[in-house]
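Structural overview
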Amino acid sequence: MRSAASILHLDLDAFFAAVEQRDKPSLRGKPVVVGGVGPRGVVSTASYEARVFGVHSAMPTHEARRLCPNAAFLAGRFRAYRASSAIVMGLLHELSPLVEPLSLDEAFVDLAAGPTTDFSPDAVRALADGLRARVHERTGGLTASVGIGSSKFIAKVASELAKPDGVRVVEPGTEADTIADLPARAIPGVGPATMERLARLGVRTVADIRGLSHGELVRELGRASGEWVHALAFARDERPVVAEREAKSISVEDTFETDITDRAELDAVIDRDARIVAERLARSGLFARTVTLKAKRPDFTILSRSLTLNGATDRPEVIIRVARGLLDGVPIETGFRLLGVGVANFTEAAQEELFEPDAAGAVVQSVTGTEIPDTANPTPTRDADPTIRPRWRPGFLPGVDVHHDEHGAGWVWGSGLGRVTVRFETADTVPGPVRTFSTDDPALHLTEA
DNA sequence: TCTGGGGTCCTAGGACCC
DNA sequence: TCTGGGGTCCTAGGACCC
């Protein structure tokens with residue numbers, strides 16, 4: 001926590017709905033609900049006119065329709081939202097180079113990293129008013145709420161208190177008092193489950209948390225969460241504003257209008273999602289080592305299966321093959337309401353860390369790496385497939401190349417120069433046994449799937 | 001007519017290595 | 001021969017956020 005109120009949090013009011021009302025004058029002053037419009041959709045944003053009826057974010061759309069049948073229900077126009085968001089983020093960058101977007105409609109700004117020198121309450125209030133006026137003008141009428149405080153937590157609480165269309169500055173020294181009477185739920189990271197546990201300890205407000213010992217909280221909530229909640233209850237928050245955070249995962253998922261049981265249909269969903277994931281990977285110039293399959297059962301329980309490859313990939317056929325393999329190990333009789341494919345564990349191509357020593361201590365090629373000399377085993381027995389991009393040579397692709405011998409069939413798990421790891425498929429389990437072959441082992445029979 | 005999609009972080013157990 | 005601790009990686013699930 002700083003001594004000056006130098007962290008700003010901006011939150012656009014009912015953002016998606018406000019953009020719709022701005023662009024369609026007939027919707028102004030009327031309830032607007034943006035979100036999933038299908039039978040299993042949920043509300044993303046409700047305009048303030050719709051909130052009067054009890055409609056709010058994350059509510060099932062069918063319930064919103066029941067509460068407010070006269071509202072306009074819209075699926076959302078993300079291109080328009082991104083455009084307005086970019087204008088606002090640009091305005092924030094005029095205040096400081098250190099801007100941390102949290103979503104399209106929200107960001108932190110570290111004013112101390114910019115030209116601002118006067119952090120007196122009056123000065124930062126004037127700064128926030130100027131910012132809000134520019135947002136309104138440059139976006140064609142959108143309103144924003146702005147909070148300023150000595151930490152991220154306090155700035156965010158302040159913008160919440162300022163809503164809608166207002167400013168709130170929490171003066172240094174008044175932080176603990178400001179949050180004392182808020183529900184414990186106001187602490188980020190305290191959701192329904194944590195709130196339930198805290199309630200059992202008699203906690204309702206932030207101040208109530210202060211009555212518990214550090215040890216009690218850690219015992220009840222676990223190490224990380226306990227310490228976090230304890231610190232924030234006393235308004236202790238040292239998190240820096242971080243401008244650019246690198247993505248750690250990419251995923252695509254679909255909720256179906258009716259549950260799907262059919263394997264072929266599930267495979268088709270995997271294919272579609274995996275191709276989108278691969279496209280986004282390639283566009284980011286990233287390669288992923290871990291593929292995850294996610295499924296939601298009719299009873300809403302979520303199941304996930306993941307597999308980490310020896311090498312990284314951005315190829316759709318690899319992601320598809322791995323994801324389908326993961327589905328093999330999952331009972332599908334009850335059907336799923338959602339299926340999704342994700343990737344994680346990113347590397348960038350042709351970087352040194354992609355080369356790893358093999359069992360013998362020699363350096364071998366990772367599947368995304370560039371070939372490097374291996375004097376111990378200089379000759380891969382198979383030429384590079386010309387359809388495979390150069391970085392893949394000598395080109396045994398995890399999940400694509402298939403091995404077949406008298407012990408059964410399997411697919412390539414990973415490959416380095418001079419070795420190929422094969423995972424055998426078994427009748428009822430994934431993963432099956434794994435075996436590593438030398439590339440000149442006559443028992444190794446590889447074909448492309 | 002039941003409850004999205006895109007993420008992040010944490011926990012816990014097992015494998016494996018030193 | 002037995003015991004054992006620490007560290008890292010992987011996997012599965014859960015909580016949470018916008």
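Look up a bit, the structure's there.
Computed from a predicted structure; not experimentally measured. Within each chain, residue numbers correspond to sequence positions counted from 1 in written order. As they are written, the chains are lettered A onward and the ligands numbered 1 onward, keeping that order. At least 70 in pLDDT is required for a residue's local features to be given in this predicted model, at least 80 for side-chain atom pairs to be given and counted, and no such filter applies to totals for whole chains, interfaces and linings, which use all residues. To get the side-chain values, all heavy atoms of the structure are used, and hydrogens and water are removed first.

1. Topic: helix α11 (residues 223-233)
Within α11, the full set of buried residues consists of Gly226, Val229, His230, Ala231, Leu232 and Ala233. Packed against the buried residues of α11 are α6 (152-162), α7 (175-180), α9 (206-210) and α10 (214-221). Secondary structure follows DSSP: runs of H or I at least 4 residues long count as helices, runs of E at least 2 residues long count as strands, and numbering of each begins at the N terminus. Backbone geometry just after α11 places alanine 235 at a positive phi near 65°. Summary of the burial criterion: residues with accessible area below 20% of their type's maximum are buried, those above 50% are exposed, and those between are partly exposed, where the area comes from a 1.4 Å probe applied to protein chains only. Contact between two residues is taken to exist if any of their heavy atoms lie within 4.5 Å; hydrogens are not considered.

2. Brief notes about the packing of aromatic side chains
Aromatic contacts are taken between Phe, Tyr and Trp rings whose centres are within 6.5 Å, Trp giving its six-membered ring; a plane angle under 30 degrees counts as stacked, one over 60 as edge-to-face, and the others as tilted. On inspection of all chains with the given rule, the structure shows five aromatic pairs. Among the aromatic residues, those joined into a cluster by ring pairs are Phe15, Phe16, Phe78 and Tyr81. Just above the ring of tyrosine 48 sits the side chain of arginine 51; from NZ or CZ to the centre is 4.3 Å. Between the NZ or CZ atom of arginine 210 and the centre of the ring of phenylalanine 234, over which it lies, the distance is 5.9 Å. A ring is scored as having a charge over it whenever the NZ atom of a lysine or the CZ atom of an arginine sits within 6 Å of its centre and within 35 degrees of its normal.

3. As for the pattern of salt bridges
Once the charged atoms of two side chains with opposite charge are near each other, the side chains can pair. Throughout this description, the term salt bridge denotes a Lys or Arg side-chain nitrogen within 4 Å of a carboxyl oxygen of Asp or Glu. Tallying each qualifying case throughout the model produces 24 salt bridges. Taking the shortest distance from any N to any O, the salt bridge between arginine 22 and aspartate 23 comes out at 2.8 Å. A salt bridge links arginine 324 to aspartate 267, with the shortest nitrogen-to-oxygen separation between them at 4.0 Å. Taken together, the residues arginine 324 in helix α13 (residues 316-328) and aspartate 267 in helix α12 (residues 263-284) connect sequence positions 57 residues apart. Given the relative accessible area of 12%, aspartate 267 is considered buried.

4. A few points about the protein's contact with DNA strand C
We define proximity as follows: a residue is near a molecule or strand when any one of its heavy atoms falls within 4 Å of that partner. Taken together, 21 residues lie around DNA strand C, and Ser103, Lys156, Thr194, Ser306 and Thr308 are the ones closest in. Within 4 Å of the protein, atoms of DNA strand C come from sugar and phosphate in 100% of cases. Between a sugar or linking oxygen of DNA strand C and a side-chain N or O atom of aspartate 105, the distance comes to 3.4 Å. Counted as a polar contact is a pair of N or O atoms within 3.5 Å, where, for protein atoms, one must be capable of donating a hydrogen and the other of accepting one, and residues adjacent in sequence contribute only when both atoms are in side chains. In this structure, a phosphate oxygen belonging to DNA strand C sits 2.6 Å away from a side-chain N or O atom of threonine 194. Per-element accounting of the surface near DNA strand C gives the leading share, six residues, to strand β11 (residues 302-313). When residues are sorted by character, Ala, Val, Leu, Ile, Met, Phe, Trp, Tyr, Cys and Pro go into the nonpolar class, Asp, Glu, Lys and Arg into the charged class, and all the rest, Gly among them, into the polar class. Broken down by class, the residue content of the surface near DNA strand C amounts to seven nonpolar, eight polar and six charged.

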